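Working through the structure, step by step
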Amino acid sequence: MEDVDTANYPLGKIYAFDFDGTLTRRDTLLEIIRFAKGGRGFLLCMLRFLPLLVLMKAGLYPNWKVKQKVFAHCFGGMTAGAFNSLCVSFADENSHILRPKGMKKLRQVMAEGSTAVIVSASVNNWVEPFFRDVPGIYVVGTIVEERDGVITGRFLTRNCYGREKVKRLLQLYPERTDYWLTAYGDSRGDFELLDFANESHYKPFR
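Now for a look at the structure at hand. In every chain, residue numbers begin from 1 and rise along the written sequence. Thresholds applied to this predicted model are a pLDDT of at least 70 for local features of residues and 80 or more for the giving and counting of side-chain atom pairs; totals over whole chains, interfaces and linings are not thresholded and use all residues. The side-chain figures draw on all heavy atoms in the structure; neither hydrogens nor water molecules are used.

A word on the overall build of the chain. Looking only at helices and strands, one finds 8 helices and 7 strands in the chain. Relative to the compact-globule value of 17 Å for 206 residues, the chain shows a C-alpha radius of gyration of 17 Å, a close match. Viewed in the frame of its principal axes, the chain has a C-alpha envelope of about 55 × 35 × 35 Å. For the chain, the proportion of contacts with a sequence separation of at least 24, taken over those separated by at least 6, is 64%. Strands here are runs of E lasting at least two residues and helices are runs of H or I lasting at least four, both read from the DSSP assignment and numbered beginning at the N terminus. Every radius of gyration here is taken over C-alpha atoms, with the globule rule written as 2.2 Å times N^0.38, N being the number of residues. Here, residues are in contact when the closest pair of their heavy atoms is within 4.5 Å.

Written out as structure tokens, the structure is:
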């Protein structure tokens, strides 16, 4: 890690962390489906969407479309209140999936007075509750649409994956020369963010 003179950067150091796989041991979309639907419901959901999942893995069907279809099938039609309560319960009962080394680094970043941002393709509603005990952290994730207090199953933003991660980070901090950016990631969906950073770490918290 470079010794950075923060005097050269008005906003100091910003650390961008991917969530699934980087700060967690498991994919939280899959885990919250299992949590909400049980083992049998999870299996039926995966079987239902297996053809699309295969096409997605082969690069023949967009990642975000599969994700939105799965999300809509599992959570579309729930009231926003019920969905948010589910997300809080999910985080409370699954703190064990967080990687201790990753959380230690995150807390060190906050303690030194730097800015930490979780930049994730997962949905804000269930990512944010994992960090309720880390005041001041930002979560930039996929936002789901609500209409009349009901989860429609559609995404209000683009899936926060790949180049979208950089775009969303720039919406928060548009003047790139104002800060030194360090990024942590573990998968293809993080490559653009890692390339965009001054300093990048790929799969660092194993």
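What follows covers helix α7 (residues 163-172). Note that an α-helix has 3.6 residues per turn; residues three or four places apart therefore point the same way. Think of it in three bands: with a 1.4 Å probe and only protein chains considered, a residue is buried below 20% of the maximum accessible area for its type, exposed above 50%, and partly exposed in between. All of the buried residues along α7 are E164, K165, V166, R168 and L169. Each element contacted by the buried residues of α7 is listed here: β2 (115-123), β3 (138-142), β6 (180-185) and α8 (191-196).

DSSP calls a pair of strands paired once it identifies at least 2 bridges connecting them. Pairing within the open sheet is parallel, and its 5 strands lie in the order β3-β2-β1-β6-β7. Where the open sheet ends on each side, the last strands, each with one partner, are β3 and β7 (199-202). This sheet shows a mean twist of 15 degrees between the axes of neighbouring strands, independent of strand direction. The sheet contact formed by β2 and β3 spans 4 bridges and is parallel. Across the sheet, the residue bridging to V119 is V140, located in β3. All axes here are fitted lines through C-alpha atoms, helices being fitted over the stretch that makes contact, and every angle between N-to-C directions spans 0 to 180 degrees. Lying on the sheet, α7 is in contact with β2, β3 and β6; it crosses β2 at an angle near 140 degrees.

Here a helix's expected span is defined as the number of its residues, less one, multiplied by 1.5 Å. The end-to-end C-alpha separation of helix α5 (residues 100-111) is 16 Å, in line with the 16 Å expected for 12 residues at 1.5 Å each. Those residues of α5 that fall on the buried side of the exposure criterion are G102, M103, K105, L106, V109 and M110. Along the axis of α5, the buried residues cluster in a sector spanning 160 degrees; they form a single face. Across α5 from its buried face, at more than 90 degrees, point the exposed residues P100, K101, K104 and A111. Packing partners of the buried residues in α5 comprise β1 (13-17), β2 and β6. A positive backbone phi angle near 90 degrees is found at G113, which sits one or two residues after α5. Throughout, the arc means that of the directions going from the helix axis to the C-beta atoms.

The subject of this paragraph is unusual backbone geometry. Among all residues save glycine, negative phi is the norm, and among peptide bonds the norm is trans. A positive phi is found at D148, a non-glycine position, where the angle reads about 55 degrees. Of note, D148 is situated in the loop between β4 (144-147) and β5 (150-155). D148 gets classed as exposed once you look at its relative accessible area, which sits at 78%. Even without a glycine there, the phi angle at K203 is positive, about 55 degrees. You can see K203 is positioned in the segment after β7.

It is the contact of helix α1 (residues 28-48) with helix α2 (residues 50-57), at a shortest axis distance of 4 Å, that shows an interaxial angle of 60 degrees. Between α1 and α2, the angle falls in the class oblique. Mapping the contact onto sequence places M46, L47 and R48 in α1 and L50, P51 and L53 in α2. Roughly parallel covers angles under 35 degrees, roughly antiparallel covers those over 145, roughly perpendicular covers 65 to 115, and oblique covers all other angles.

A word on the packing of aromatic side chains. Think of a pair of aromatic rings as described by two things: how far the centres are apart, and how the planes are tilted against each other in angle. Aromatic rings from Phe, Tyr and Trp, taking only the six-membered ring of Trp, are treated as a pair when their centres fall within 6.5 Å; an angle between ring planes under 30 degrees marks them as stacked, one over 60 as edge-to-face, and anything in between as tilted. Taken as a whole, this structure holds 15 aromatic pairs when the rule is applied. Ring geometry for F75 and F83: centres 5.4 Å apart, planes at 55 degrees, overall tilted. There is no split in this pair, since F75 and F83 are both buried. Ring centres of Y184 and F205 lie 5.1 Å apart, and the angle between their planes is 25 degrees; this geometry places the pair in the stacked category. Here the residue Y184 occupies a position in strand β6, and F205 occupies one in the segment after β7, the gap between them amounting to 21 residues. Of the residues examined, Y184 reaches a relative accessible area of 4% and is grouped as buried. Put simply, the rings of F19, F35, F90, F130 and F131 pair up and form one aromatic cluster.

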